[in-house]
Amino acid sequence: MSLADRLNREYVRLHTAKEDAFWTQKMGLADDPGAAQRDFDAREIELQRFLQDPEQIPRVREALEPGAAPAPDRTALEGWLATFEAHAIESSAARALAEEVLMAEGRLAEARSALELTYEDEQGRRAPASSVRLGALLRSSTSARVRRSAWDGLRAIERGVLQAGFLDVLRMRNRLGRMLGAEDYYDWKTRRVERLSKAEVFGLLDELELATRDRARDAVEQLATRRGPDAIRPWNIQFASAGDSTREMDPYFPFSQSVRRWGESFAALGIRYAGARLVLDLVDRKGKYENGFMHGPVVAWRDHGRKVPARIHFTVNAIPGLVGSGFRATETLFHEGGHAAHFANVDMPAPCFGQEFAPTSVGFSETQSMLLDSLLRDGHWRARYARDGAGQAMPWEVHERSLAATLPFAAWQARAMLAVCYAERALYEIPDEELSAERVLEELRGVERRLLFLEEGSPRPALAVPHLLAGESSAYYHGYVLAEMAVELTRDYFLGRDGELCDNPRLGPDLARAYWRPGNRHSFLEFVPRLTGSPLGAGALARRLTQPLSERIASERAEFARAAAASKGPGIEELDLDARITIVHGRDTVAELDGDFAAFSQRFAAWIDAFAAGQRVAEHTG
């Protein structure tokens, strides 16, 4: 067996075992959560030992010498060399520390999962809630008391994780980063994942911060003038700026119809899943990880000319019946479905090209998902797909009021993402001897005040963002902001060439050719101009975020009218995503696709309606 074959098969074994354990632990499927966490940690350590082994690099380099490997193996070995260079750790002491960090992160994850979050409901009772529900209440509850209580619940996460070992995790991560020659852990992580230094990443973020500063500050000041100073308190600002629009749009985004809309939209875009098996867990519940994600336990790759289809799991945390949750959950379904389309279509001769970790760029991965979830905010998409329970289309006036409510705060919302990035960077720049819970909170609040112009901090406290806690997603959040830059360039490319995004049948095939099939063979900075012809930068995104409202409304009005008059693409009866799809709720199967997507989406819709009715009864009697 050749070296490439040995590496391919060993990696597949380790990766799939680890990812299946990840799903069991994150979805709360085990009877013993602690045992599930330990099993995942053990399998993660086994995989990391394979990837971090410093002996792998010279073996691969030797096999790549001229004449040493047959031509079909060379591309595979080049992928393995890039993968091992992103992971290998020469020092045995550093490898031991990396395992200590992983175990500490596992203990922190257990503690975070065990936190009992609550808020005070409309009747004045303490009610349990996930962080997802608390965040949704900030956007949708008409009661300021409920919103304040929900925000206090999110702040409680910060206190909880700081008491549960997060400071120790920060110290250990930084020690590891410095042992490996980087400025700190954040710098080490960006170099191995994005192939960019921390300074290079924040150089791009600084461009956007400067370009959005005045518009965002003006939006906050104008809201305070118009609605009073209480409107810009962190638990009020999201509702004060867009709450009425959230409630008005809510009927047009019933989550029961989300699977149908995902299938119809993606099929009309020419997106296919290359024979992948998809497992979707879409509704919030106790014990389930409180953030949407996509992971691929079986990687798509080509084994000696035979395409190995992916097995991909992804999640949404929908709360059926809660105002605003239908849109947010549908957006997440499009987002994670975009990730799944990306990784299902990788077509390279080794599995290292098609997995979602280093050297796969976070920013590039998020570009795929955020491009597709961006469609839901377009007038063109809403005119085609947004319908209420009676099948009535969203009127232009509803979309226009949504634009009027959200666009003035578009720059501020981008800065809310930036605030997470700058806050996390600040944590790793605190000297070890000064690291304390008080200093961490002082740094976080300082960044939030500077970026968001809110004296009391962010509506979403930084340590309530789960990415900062988990090892795989730490020093990661900047990827979303970089992706927004690439999304805008990609949207501009398709709009300039084809005149439309929604239902554009050329979009899927072009993304598959330029972005998806090569896997991680190229860096983020190489991938974006491959399709768009433009280098990555903040300019296009900044222009959209600061676009005059009147100009945007005029362009959207024309698109909305054109889309409403046009015929839609293939009907749901003809829909084929080239995927086997199962929707689950924990251990229970909700619906399986047997070839009839219409019947499949109807089974899901009926289950959601029944689930929501049961929740209403429980809340009324509770």
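Structure first, text after, so check above.
Notes on the structure in this doc start here. What you see is a predicted model, and the numbers here were worked out from it, not measured in a lab.

Thresholds, definitions, all that
- Residues numbered from 1 in each chain as written.
- Predicted model: local features only at pLDDT ≥ 70, side-chain atom pairs only at ≥ 80, totals over all residues.
- Heavy atoms only, no water.
- Helix = DSSP H or I, 4+ residues; strand = E, 2+ residues; numbered from the N terminus.
- Buried < 20%, exposed > 50% of the residue type's maximum accessible area, 1.4 Å probe, protein only.
- Contact = heavy atoms within 4.5 Å.
- Areas by Shrake-Rupley, 256 points an atom, 1.4 Å probe, with all protein chains shown as cover.
- Lys, Arg positive; Asp, Glu negative; His and termini not counted.
- Charge placed at Lys NZ, Arg CZ, Asp CG, Glu CD.
- Core = buried A, V, L, I, M, F, W, Y, C linked by side-chain atoms within 4.5 Å.
- Phe/Tyr/Trp six-rings, centres within 6.5 Å; stacked < 30°, edge-to-face > 60°.
- Lys NZ or Arg CZ within 6 Å of the ring centre and 35° of its normal.
- Pairing = 2+ DSSP bridges.
- Polar contact = N/O pair within 3.5 Å; in protein donor to acceptor, adjacent residues only side chain to side chain.
- Axes fitted to C-alpha atoms, helices over the stretch in contact; angles between N-to-C directions.
- Parallel < 35°, antiparallel > 145°, perpendicular 65-115°, else oblique.
- Left-handed = near helix turned anticlockwise from the far one by under 90°.
- Nonpolar A, V, L, I, M, F, W, Y, C, P; charged D, E, K, R; others polar.
- Salt bridge = Lys/Arg side-chain N within 4 Å of Asp/Glu carboxyl O.

## Topic: the overall build of the protein chain
Moving on, step 1. Along the backbone of the protein chain there are 24 helices and nine strands.
Moving on, step 2. Referenced to the eigenvectors of the C-alpha coordinate spread, the extents of the protein chain come out at roughly 70 × 60 × 50 Å.
Moving on, step 3. Counting the 622 residues in the protein chain, one finds 60% classified as buried.
Moving on, step 4. The contacts of the protein chain with a sequence gap of at least 6 include a subset with a gap of at least 24, amounting to 75%.
Moving on, step 5. For the protein chain, the exposed area adds up to about 24100 Å²; of that, 49% sits on carbon and sulfur atoms.
Moving on, step 6. Separation between the mean location of the 80 positive side-chain charges and that of the 92 negative ones in the protein chain comes to 2 Å.

## Points about the nonpolar core
Moving on, step 1. Trp 262, Tyr 273, Leu 278 and Val 440 are the most contacted members of the largest nonpolar core, which has 167 residues in total.
Moving on, step 2. By residue number, the principal contributor to this core is helix H17 (residues 410–428), which donates 14 residues.
Moving on, step 3. Apart from residues no more than four positions distant in its own chain, Val 440 is found in contact with Leu 162, Leu 167, Leu 170, Leu 427, Ile 430, Leu 435 and Leu 463.
Moving on, step 4. Judged by nonpolar contacts, the second largest core, of 23 residues, contains Ala 69, Leu 81, Phe 84 and Phe 353.

## Digging into the packing of aromatic side chains
Moving on, step 1. Applying the stated criterion to the full structure yields 36 aromatic pairs.
Moving on, step 2. Ring centres of Phe 50 and Trp 80 lie 6.1 Å apart, and the angle between their planes is 90 degrees; this geometry places the pair in the edge-to-face category. In this pair, Phe 50 sits in helix H2 (residues 33–52) while Trp 80 sits in helix H4 (residues 71–87), placing the two residues 30 residues apart along the sequence.
Moving on, step 3. The class of Trp 80 is buried, set by a relative accessible area of 0%.
Moving on, step 4. Where Trp 80 meets Phe 84, the ring centres are 5.4 Å apart and the plane angle is 25 degrees; that geometry is what we call stacked. Pair noted here: Trp 80 and Phe 84 are both in helix H4, with a separation of four residues, about one helical turn.
Moving on, step 5. On the basis of relative accessible area, Phe 84 is assigned to the buried category, the value being 0%.
Moving on, step 6. Taken together, the ring pairs connect Phe 253, Trp 262, Phe 266, Tyr 273, Phe 314, Phe 327, Phe 334, Trp 381, Tyr 385, Phe 597 and Phe 600 into an aromatic cluster.
Moving on, step 7. Taking the ring centre of Trp 235 as reference, the NZ or CZ of Arg 148 above it sits at 4.1 Å.
Moving on, step 8. Across the ring face of Tyr 422, the terminal group of Arg 450 is positioned such that the distance to the ring centre comes to 5.5 Å.

## Section: the pairing of strand E7 (residues 311–318)
Moving on, step 1. Counted residue by residue, E7 has eight buried out of eight residues, so it is predominantly covered.
Moving on, step 2. Burial along E7 is two-sided: Arg 311, His 313, Thr 315 and Asn 317 and Ile 312, Phe 314, Val 316 and Ala 318, pointing in opposite directions, are all buried.
Moving on, step 3. Bridging between strand E3 (residues 276–283) and E7 involves six bridges; their strand directions are parallel. Looking at E7, one finds that Val 279 is bridged to His 313.

## Overview of the side chain of His 313
Moving on, step 1. Here His 313 lies in strand E7.
Moving on, step 2. By relative accessible area, which is 5% here, His 313 ends up buried.
Moving on, step 3. Of note is the side chain of His 313, whose polar atom sits 3.1 Å from the side chain of Arg 311.
Moving on, step 4. Beyond its immediate chain neighbours, meaning those up to four positions away, His 313 contacts Asp 20, Trp 23, Val 279, Phe 293, Met 294, His 295 and Pro 297.

## Considerations on the environment of Trp 80
Moving on, step 1. Each C-alpha atom of the pair Trp 80 and Cys 352 lies 6.4 Å from the other, and the pair is 272 residues apart in sequence.
Moving on, step 2. Those residues in contact with Trp 80, other than ones at most four positions away along the chain, are Ala 4, Leu 7, Asn 8, Tyr 11, Phe 50, Ala 350, Pro 351 and Cys 352.

## Section: the packing of helix H12 (residues 258–268) against helix H13 (residues 325–344)
Moving on, step 1. At their nearest, the axes of H12 and H13 sit 10 Å apart, and the two run at 45 degrees to each other. When the interaxial angle is binned, H12 and H13 end up oblique. Like other packed secondary-structure pairs, H12 and H13 cross with a definite hand, here right-handed. Each of Ser 258, Val 259, Arg 261, Trp 262, Ser 265 and Phe 266 in H12 lies in contact with H13, whose residues at this interface are Thr 330, Leu 333, Phe 334, Gly 337 and Gly 338.
Moving on, step 2. Its residues assigned to classes, the contact of H12 with H13 comprises five nonpolar, five polar and one charged.

## Side note on the pattern of salt bridges
Moving on, step 1. With the rule as written, the count across this model stands at 50 salt bridges.
Moving on, step 2. Ionic pairing is found between Arg 9 and Asp 5, a salt bridge with its closest N-O pair at 3.8 Å. Highlighted residues: Arg 9 and Asp 5, both in helix H1 (residues 3–26), separated by four residues, approximately one helical turn.
Moving on, step 3. The exposure class of Asp 5 is buried, given its relative accessible area of 14%.

## Here's the deal with the sheet that holds strand E9 (residues 588–592)
Moving on, step 1. Strand order across the open sheet formed by five strands is E4-E7-E3-E8-E9, with mixed pairing between neighbours. With one partner strand each, in any of the chains shown, strand E4 (294–298) and E9 form the two edges of the open sheet. Taking each pair of neighbouring strands and ignoring which way they run, the sheet shows an average axis angle of 25 degrees.
Moving on, step 2. Packing of H12 onto the sheet brings it into contact with E3, E7 and strand E8 (579–585), and relative to E3 it is tilted by some 145 degrees.

## Side note on the environment of Arg 530
Moving on, step 1. By the secondary structure assignment, Arg 530 is in helix H21 (residues 524–532).
Moving on, step 2. C-alpha separation for the pair Arg 530 and Ala 514, spaced 16 residues apart in sequence, amounts to 6.5 Å.
Moving on, step 3. Apart from residues no more than four positions distant in its own chain, Arg 530 is found in contact with Arg 513, Ala 514, Pro 518 and His 522.

Remember, this is a structural readout, not a statement about activity or role.
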